[in-house]
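Each chain is listed here by its residues.
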Amino acid sequence: MAAAVVPKKRLQSSTNVSWMLLLLLLPLGPVWHAAAQRCPQPCICDNARRHVSCRNQNLTEVPSAIPELTQRLDLQGNALRVIPPAAFRDLPHLTHLDLRHCQVEQVAEGAFRGLGRLLLLNLASNRLRMLPQEALDGLGSLRHLELEQNVLEELRPGAFGALGALATLNLAHNALVYLPAMAFQGLLRARWLQLAHNLLSVLAPEALAGLPALRRLSLQHNEFQALPGAALSQARGLARLELGHNPLTYAGEEDGLALPGLRELALDHGALQALGPRAFAHCPRLHKLDLRGNQLDALPPLQGPGQLRLLRLQGNPLWCGCQARPLLEWLARARVRSDGVCQGPRRLRNEALDALRPSDLHCPGDPEEDEPEERAAEPRVSPRAPAEPEAEAVPCPRTCVCAPGSRHSVCEGRGLQAVPRGFPSDTQLLDLRRNHFPSVPRAAFPGLGHLVSLHLQHCGISEMEAGALAGLGRLLYLYLSDNQLSGLGAAALEGVPHLGYLYLERNRFLQVPGAALRALPSLVSLHLQDNALERLGPGDLAGVRALRWLYLSGNRITQVSPGALGAARELEKLYLDRNQLREVPTGALEGLPALQELQLSGNPLRALHDGGFRPTGRSLQHLFLNSSGLEQVAHWAEPACGSHLCHPSQCPGPAGEGCSCCL
């Protein structure tokens with residue numbers, strides 16, 4: 001059978017149509033392919049909006065086959081636990097990634113590499129304890145990072161170094177107890193840093209350095225007992241600072257707060273009992289000051305903040321006697337509005353401060369004073385306690401102040417000769433400073449299982465009986481500074497397995513209380529400055545394997561034996577300044593791979609021998625040798641520390657005097 005012959009013109013026409021159709025389809029190829037991709041089975045894909053939702057599907061890994069053009073991915077409510085390296089490498093167009101409530105315990109280094117367009121990453125409500133240094137690499141466009149409600153205990157410098165575009169960082173509701181120097185290095189555009197609801201009590205002086213754009217800092221609901229002015233002043237662009245719900249008892253110019261652009265400062269619902277007149281002298285643009293819910297019965301005129309217009313004082317036990325006349329005159333002269341209300345004397349009780357004139361404030365003995373009364377005769381009440389006698393009373397020892405709002409109980413300087421009882425069972429901070437009880441008996445704090453911070457400074461304590469802290473299973477901070485302790489029995493610190501911070505400075509210890517420390521497996525920071533220690537021997541730190549900061553300044557230490565520090569392999573800071581060391585304790589530095597800071601100032605070293613710092617060569621970043629009488633320095637920097645440290649000859653002063661060698 002003969003083949004049909006197709007006319008040449010018709011064949012050319014058909015071929016042209018086919019090529020035209022092919023050319024039209026080619027540009028649509030990738031879009032058509034993405035739209036036609038199969039959506040992961042447990043997910044819902046909205047290809048038109050480029051959204052994919054895989055919520056609450058009990059997924060244990062990031063699903064495959066997610067359309068490549070996806071911009072928003074919602075994975076919240078799954079069981080991912082671990083985010084592996086490059087987990088989202090096939091999704092380069094992602095701008096929003098939600099990983100809330102995913103039981104995430106670990107984020108691997110490079111987990112988000114490839115997400116160069118991501119704007120928001122939400123890792124809230126997970127189980128993260130730490131962030132590896134390169135966990136957030138590859139997120140150069142990220143604007144918002146949510147890490148609240150995890151269990152982060154530490155921040156390592158450099159963890160956020162790749163986030164140059166970040167505007168807000170939320171670290172609220174974690175377990176942070178300390179912020180190291182340069183904790184937020186690299187966040188050049190960050191404007192709001194949220195650190196509320198942590199356990200912060202200490203900030204390194206340069207913790208907030210490197211945040212030139214920061215405008216708002218939230219530090220409420222932490223454990224600050226003193227205003228960390230030096231650290232806060234590093235963030236010189238701050239306009240709003242929130243420090244409410246902290247156990248601050250005093251603020252003054254000596255705290256060093258200097259924030260030239262600060263407009264709003266919140267110190268509400270703390271434990272403030274006094275305020276220095278120049279506390280905010282270096283905050284000239286301060287416009288609003290919130291002091292509500294403290295324990296202020298008097299307030300001086302404030303010097304310095306010339307732009308102050310609103311002073312919140314509600315909930316303070318203000319005494320409107322003649323001592324308050326300067327305050328009232330200053331409020332009128334400076335045109336500052338206030339919502340303070342008088343608690344006494346009786347004739348002015350519940351009167352608004354703004355409604356009074358200086359002539360309304362009388363002293364006992366004034367002719368106008370028709371109702372003389374002793375201010376001290378009235379028991380001091382909590383600023384948050386109900387004023388009416390018929391209201392339900394909060395249980396509290398008679399001489400103390402118990403604040404249910406902040407869960408703080410304060411008995412400072414009440415002349416107590418024994419630890420009182422009867423505090424609210426939910427008390428988290430107990431302040432017993434400046435009383436006098438030479439001995440703390442067994443089970444001295446019954447019913448205080450929620451206690452986090454215990455203050456026993458300046459109490460003349462010479463003995464802690466066995467089991468004195470029994471029942472304080474949640475205690476994190478124990479302050480025993482400025483007492484008469486010369487030793488601690490093996491069972492003196494039993495019952496506080498989570499204790500992280502122990503302050504024993506300015507006591508009479510002749511040796512490290514190693515037996516007692518064995519009961520503290522979670523101890524992070526040990527303060528033994530200004531005692532009478534003469535040596536540090538093997539076994540002294542055998543029980544404190546989690547120790548990171550050891551402060552032994554101002555003792556009489558002549559020897560640190562090889563192996564004395566060996567149990568504390570996580571040690572990052574070692575302060576041995578102002579002792580009697582005649583040589584660098586090279587042998588003791590063996591086995592400390594994490595040591596970053598070594599303070600040896602004020603020791604009669606005289607000479608540094610070759611290789612003296614070799615054991616710490618890979619980790620040491622800061623070495624202090626000032627006031628050491630150095631006369632001879634070997635060429636130790638290169639073999640001992642590589643390129644990490646400078647040679648003392650590069651430091652100011654003769655023979656290294658005044659030298660601080662660091663990165």
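To be clear, the structure that these remarks concern was listed above.
Note that the coordinates shown come from a computational prediction; the quantities given were computed from them, not determined experimentally.

Trainee: Looking at this structure, how should I read the overall build of the chain?
Mentor: When you go through the chain residue by residue, the secondary structure sums to 6 helices and 40 strands. For the chain, buried positions account for 51% of its 663 residues. Total accessible area computed for the chain in this model is approximately 30,000 Å², and 51% of it derives from carbon and sulfur atoms.

Trainee: Explanation requested: unusual backbone geometry in the structure shown.
Mentor: Excluding glycine, most residues fall at negative phi; most peptide bonds, likewise, are trans. Geometrically, the link from Gly344 to Pro345 is a cis peptide bond, its omega value of 0° lying close to zero. Phi at Asn56 is positive, roughly 50°, even though this residue is not glycine. Looking at the secondary structure, you find Asn56 in the loop between strand E2 (51-53) and strand E3 (72-74). Given the relative accessible area of 57%, Asn56 is considered exposed. If you check the backbone angles, Ala86 has positive phi at about 50° while not being a glycine. Inspection of the secondary structure puts Ala86 in the loop between strand E4 (82-83) and strand E5 (96-98).

Trainee: Would you mind going over the side chain of Thr616 with me for this structure?
Mentor: Considering the arrangement of structural elements, one finds Thr616 in the loop between strand E37 (607-608) and strand E38 (622-624). Given the relative accessible area of 0%, Thr616 is considered buried. When near neighbours in sequence (up to four residues on either side) are disregarded, Thr616 contacts Leu589 and Leu595.

Trainee: Please explain the pattern of salt bridges as it appears in this structure.
Mentor: Proximity of charged atoms lets side chains of opposite charge pair with each other. Counted by the stated rule, this structure contains 23 salt bridges. In this structure, Asp46 and Arg49 form a salt bridge, with 3.8 Å as the shortest nitrogen-oxygen distance. What makes Asp46 partly exposed here is its relative accessible area of 27%. A salt bridge links Arg578 to Asp577, with the nearest nitrogen and oxygen atoms 3.8 Å apart. What you see here is one network of salt bridges that share partners, running through Arg216, Arg240, Glu242 and Glu264.

Trainee: Could you clarify how one ought to interpret the nonpolar core in this entry?
Mentor: Where a protein is soluble and globular, its nonpolar side chains tend to be buried together. Phe88, Leu97, Phe112, Leu121, Phe160, Phe184 and Phe280 are the most contacted members of the largest nonpolar core, which has 112 residues in total. Apart from residues lying up to four places away in sequence, Phe160 is in contact with Leu131, Leu136, Leu145, Leu147, Leu155, Leu169, Leu171, Ala183, Phe184, Gln185, Gly186 and Leu187.

Trainee: Would you take a moment to explain empty space enclosed by the protein for this structure?
Mentor: Empty space among the atoms can be located by rolling a probe the size of a water molecule over them. Across all of its chains, the model carries 3 cavities of 30 Å³ or more by this definition. In this structure, the largest cavity spans a volume of roughly 90 Å³. As for the largest cavity, its lining consists of 11 residues, and the residues nearest its centre are Asp297, Ala298, Leu299, Trp319 and Ala324. Residue classes in the lining of the largest cavity are distributed as 8 nonpolar, 1 polar and 2 charged.

Trainee: Explain the environment of Leu302 to me, please; I cannot follow it from the model alone.
Mentor: Checked against the element boundaries, Leu302 lands in the loop between strand E18 (288-290) and strand E19 (310-312). For the pair Leu302 and Pro277, spaced 25 residues apart in sequence, the C-alpha separation works out to 4.7 Å. If near-sequence neighbours (up to four positions away) are discounted, Leu302 is found in contact with Leu275, Gly276, Pro277, Phe280, Leu289, Leu308 and Trp330.

Trainee: In this structure, what is going on with the state of the cysteines? I would like to understand it.
Mentor: Note: disulfide means a covalent bond formed between the sulfur atoms of two cysteine side chains. The full count for this structure, using the stated rule, is 5 disulfides. Covalently, Cys396 is tied to Cys402 through a disulfide, its sulfur atoms 2.0 Å apart. Residues Cys396 and Cys402 are joined through a disulfide that is right-handed, its torsion about the S-S bond being 75°. Looking at Cys396, the relative accessible area reads 26%, which means it is partly exposed. Residue Cys400 pairs covalently with Cys411 via a disulfide, S to S 2.1 Å.

Trainee: So what exactly am I meant to see when it comes to the side chain of Asn170 here?
Mentor: Within the secondary structure, Asn170 is located in strand E9 (residues 168-170). At 3.0 Å, the side chain of Asn170 forms a polar contact with the side chain of Glu146. The residues touching Asn170, leaving out its near neighbours within four places in the chain, are Leu145, Glu146, Leu147, Glu148 and Gln194.

Trainee: Sorry, what's going on with the packing of aromatic side chains here?
Mentor: How two aromatic rings sit relative to each other is set out by the distance from centre to centre and by the angle between their planes. Following the criterion strictly, the structure yields 8 aromatic pairs and no others. Measuring from ring centre to ring centre gives 6.0 Å for Phe160 and Phe184, while their planes differ by 20°; the resulting arrangement is stacked. Linking Phe160 in the loop between strand E8 (144-146) and E9 with Phe184 in the loop between strand E10 (178-179) and strand E11 (192-194), this pair joins segments that are 24 residues apart in sequence. Like Phe160, the residue Phe184 is buried in the burial classification. Taking 6.4 Å as the distance between ring centres and 10° as the angle between the ring planes, the aromatic pair formed by Tyr477 and Tyr479 counts as stacked. Judged by relative accessible area, which is 0%, Tyr477 ranks as buried. Every member of this aromatic cluster is reached through a ring pair, and the members are Tyr178, Tyr477, Tyr479, Tyr501, Tyr503 and Trp549.

Trainee: Is there a simple way to explain helix H4 (residues 325-333) in this structure?
Mentor: Residues spaced three or four apart along an α-helix point in a common direction, a consequence of the helix completing one turn every 3.6 residues. When we look at burial in H4, the residues that qualify are Leu327, Leu328, Trp330 and Leu331. One face of H4 carries all of its buried residues, which in axial projection span an arc of 165°. Counted as exposed and oriented over 90 degrees from the buried face of H4: Ala332 and Arg333. In this structure, the buried residues of H4 make contact with E19 and strand E21 (337-338). Within two residues after H4, Arg335 carries a phi angle of roughly 60°, on the positive side.

The rules behind the values
Residues numbered from 1 in each chain as written. Predicted model: local features only at pLDDT ≥ 70, side-chain atom pairs only at ≥ 80, totals over all residues. Heavy atoms only, no water. Helix = DSSP H or I, 4+ residues; strand = E, 2+ residues; numbered from the N terminus. Buried < 20%, exposed > 50% of the residue type's maximum accessible area, 1.4 Å probe, protein only. Areas by Shrake-Rupley, 256 points an atom, 1.4 Å probe, with all protein chains shown as cover. Contact = heavy atoms within 4.5 Å. Salt bridge = Lys/Arg side-chain N within 4 Å of Asp/Glu carboxyl O. Core = buried A, V, L, I, M, F, W, Y, C linked by side-chain atoms within 4.5 Å. 1 Å grid on protein atoms, 1.4 Å probe; cavity = no way out; pocket = protein on both sides within 12 Å on 5 of 7 lines; lining within 4 Å. Points joined across faces, edges and corners; volume = space filled by probe spheres on them. Nonpolar A, V, L, I, M, F, W, Y, C, P; charged D, E, K, R; others polar. Disulfide = S-S within 2.5 Å. Polar contact = N/O pair within 3.5 Å; in protein donor to acceptor, adjacent residues only side chain to side chain. Phe/Tyr/Trp six-rings, centres within 6.5 Å; stacked < 30°, edge-to-face > 60°. Arc of directions from axis to C-beta.

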